[in-house]
Amino acid sequence: MIIKPKVRGFVCVTAHPEGCAAHVQQWIDHVKAQGPITPGPKKVLVIGSSTGYGLASRVAAAFGSGAATLGIFFERPSEEGRPATPGWYNSIAFTKAARAAGLYAKNLNGDAFSDDIKRQALELIRTDLGQVDLVVYSLASPRRTHPKTGAVHRSCLKPVGQPYTNKTVDPDKGIVSTVTIDPADEQEVADTIAVMGGEDWEMWMQALSDAHLLAPGAQAVAYSYIGPEVTWAVYKNGTIGLAKNDLERAARHIDSLLKLNGGGRAFISVNKALVTQASSAIPVVPLYIAILYKIMKAKGTHEGCIEQVQRLFATHMYAGKTPKFDEAGRVRVDDWEMRAEIQDAVQDIWPRITTENLDAETDIEGYRSEFLKLFGFGLPGIDYEAETEPHVPML
Ligand code: NAD
């Protein structure tokens, strides 16, 4: 099959297996080029390990410090005439590379919110790894079936309290428009907290603790975003922000659990805004990212997921370092994004962006190429005109 990108709104419905593998290899090469993270994590569970920040965490742990990794994700395999989702191909590429390097790597493809996947993960850890010393929680999901009640909760990206109007961009068409988003009702707020809040992370950590599968001193980290005022109504103060507050609550609870387990810790790392499948679905944010990329690339401080997580591991969590927390107890690897010189420049550009000056004033081209890369397109050395086999079994 010859696989070309097919972009529909904020998703691409095709993915290229060799392109995804080349993308994963770029991340592996980056981590290796930074040198070993010593001492680093050794036995790692990554929940949400197939794309974005979770995949970066898995790559940084495996290729930075030789960690054995168990990856959990929810990806769709190929079907007749249709390639798999990129996380499927990424996970295969990662697993092949890790095993070729002599590292343990196993995968569970299924619903991380379910009791069944938790049971399977615990069983694999018990038999293969004994215990884990790091748990990375990096899920981004539109829905959750609650394992106890059976209720299906759907998350939404809406303001809370009042409607919000701002500029947004359709990156594919290059059109800047004004969007008004109506506020969420109480049920939508509760549902978003149920999906993207901390309850499921707590369930994972409690189950691991009860089964004595956490090594003494084990750490746990989950990822959040705060960002600039221009996105606050739809992010920090919106439904997703309230869910992230709940994730912070869970971090404090899990932290006390891990403190009793040989002095471990749990915390939130606030990361940079980046093009991922999750962030491209948020109104307003893609336009902000296109402006941010332009400014940070010009300053030489631009990072992607892999640079962010490598820096988190090497300067906060491992290599003899301890986390530097902000006033709310969070690690901030969004520090370079939030520098005054960067944010002042964003604020300066924001009001004047139009469809006409989008190419000149923003890095919309960089946004588009990063977006396509998520699906394995635009990677050097890949012949996109060649026949490729879309049906690849999970390892
Ligand atoms: P992503 O869409 O790239 O990755 C989501 C991962 O979750 C994938 O591995 C997917 O398979 C997995 N997943 C989704 N539903 C699942 C389920 N039911 N069971 C098992 N696995 C499931 O997202 P991302 O942008 O890397 O986001 C990860 C975390 O990082 C989120 O908490 C997000 O809020 C946070 N974050 C993202 C950004 C950003 O700009 N992208 C910035 C800061 C923080």
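Bear in mind the structure is a predicted one, so any value in this text is a computation, not a measurement.

## What to know about the environment of Lys 272
Part 1: Here Lys 272 lies in the loop between strand 12 (265–270) and helix 9 (285–299).
Part 2: Between the alpha carbons of Lys 272 and Asp 334 there is a distance of 4.5 Å; along the sequence they are 62 residues apart.
Part 3: Those residues in contact with Lys 272 that sit more than four places away from it in its chain are Tyr 53, Tyr 225, Leu 292, Tyr 293, Met 296, His 302, Glu 303, Gln 308, Val 333, Asp 334 and Glu 337.
Part 4: Here His 302 takes part through its side chain, which lies 2.9 Å from a polar atom of the side chain of Lys 272.
Part 5: In terms of polar contacts, Lys 272 uses its side chain to reach the backbone carbonyl oxygen of Glu 303, at 2.8 Å.

## Description of the confidence of the model for the chain
Part 1: Looking at the chain as a whole, the pLDDT averages 97, with 100% of positions reaching at least 70.
Part 2: The least confident element of the chain is strand 1 (residues 7–8), whose mean pLDDT is 90; the most confident is strand 3 (residues 43–47), at 99.

## Brief notes about the layout of surface pockets
Part 1: Counted as a void, the second largest pocket has a volume near 310 Å³.
Part 2: For the lining of the second largest pocket, the secondary-structure elements that each account for two or more residues are strand 9 (164–170) and helix 13 (364–374).
Part 3: When residues of the lining of the second largest pocket are assigned to their parent elements, the largest contribution, four residues, is made by helix 13.

## Focus on the packing of aromatic side chains
Part 1: In total, this model carries eight aromatic pairs according to the counting rule given.
Part 2: Seen from their ring centres, Phe 313 and Tyr 318 are 5.7 Å apart, and the 80° between their planes marks the pair as edge-to-face. Assigned by exposure class, Phe 313 and Tyr 318 land together as buried.
Part 3: With centroids separated by 5.9 Å and ring planes inclined at 40°, the aromatic side chains of Phe 377 and Tyr 384 adopt a geometry described as tilted.

## Remarks on the sheet that holds strand 13 (residues 331–332)
Part 1: Pairing within the open sheet is parallel, and its seven strands lie in the order 5-4-3-6-11-12-13. Whereas interior strands pair on both sides, the edge strands pair on one side only; in this sheet they are strand 5 (105–109) and strand 13.
Part 2: Direction of pairing for strand 6 (residues 132–137) relative to strand 11 (residues 214–224): parallel, over a ladder of five bridges. Counted as the bridge partner of Tyr 137 is Ala 222 from strand 11.
Part 3: Against the sheet, helix 6 (residues 199–210) engages strand 3, strand 4 (68–73), strand 6, strand 11 and strand 12, with an angle of about 170° to strand 11.
Part 4: On top of the sheet, helix 8 (residues 239–259) reaches strand 11 and strand 12; it is set at about 150° to strand 12, its chief contact.

## As for the site of the ligand
Part 1: Near the ligand there are 30 residues, and of these Ser 50, Tyr 53, Ala 112, Lys 244 and Thr 276 occur at the shortest range.
Part 2: A distance of 2.6 Å is found between an oxygen atom of the ligand and a side-chain nitrogen or oxygen belonging to Ser 50.
Part 3: Alone, the ligand offers 830 Å² of accessible surface; in the complex the protein occludes 93% of this.
Part 4: When residues of the shell around the ligand are traced back to their parent elements, those giving at least two are helix 2 (52–65) and strand 11.
Part 5: Across the shell around the ligand, the residue classes tally to 13 nonpolar, 13 polar and four charged.

## Regarding unusual backbone geometry
Part 1: Of the consecutive residues Thr 38 and Pro 39, the connecting peptide bond is found in the cis state with omega at -10°.
Part 2: Within the secondary structure, Pro 39 is located in the loop between helix 1 (17–33) and strand 3.
Part 3: Backbone geometry at His 212 places phi at a positive 60°, although glycine is not the residue there.
Part 4: Considering the arrangement of structural elements, one finds His 212 in the loop between helix 6 and strand 11.

What counts, and where the lines are drawn
Residues numbered from 1 in each chain as written. Predicted model: local features only at pLDDT ≥ 70, side-chain atom pairs only at ≥ 80, totals over all residues. Heavy atoms only, no water. Helix = DSSP H or I, 4+ residues; strand = E, 2+ residues; numbered from the N terminus. Contact = heavy atoms within 4.5 Å. Polar contact = N/O pair within 3.5 Å; in protein donor to acceptor, adjacent residues only side chain to side chain. pLDDT = per-residue confidence, 0-100. 1 Å grid on protein atoms, 1.4 Å probe; cavity = no way out; pocket = protein on both sides within 12 Å on 5 of 7 lines; lining within 4 Å. Points joined across faces, edges and corners; volume = space filled by probe spheres on them. Phe/Tyr/Trp six-rings, centres within 6.5 Å; stacked < 30°, edge-to-face > 60°. Buried < 20%, exposed > 50% of the residue type's maximum accessible area, 1.4 Å probe, protein only. Pairing = 2+ DSSP bridges. Axes fitted to C-alpha atoms, helices over the stretch in contact; angles between N-to-C directions. Near = heavy atom within 4 Å. Areas by Shrake-Rupley, 256 points an atom, 1.4 Å probe, with all protein chains shown as cover. Nonpolar A, V, L, I, M, F, W, Y, C, P; charged D, E, K, R; others polar.

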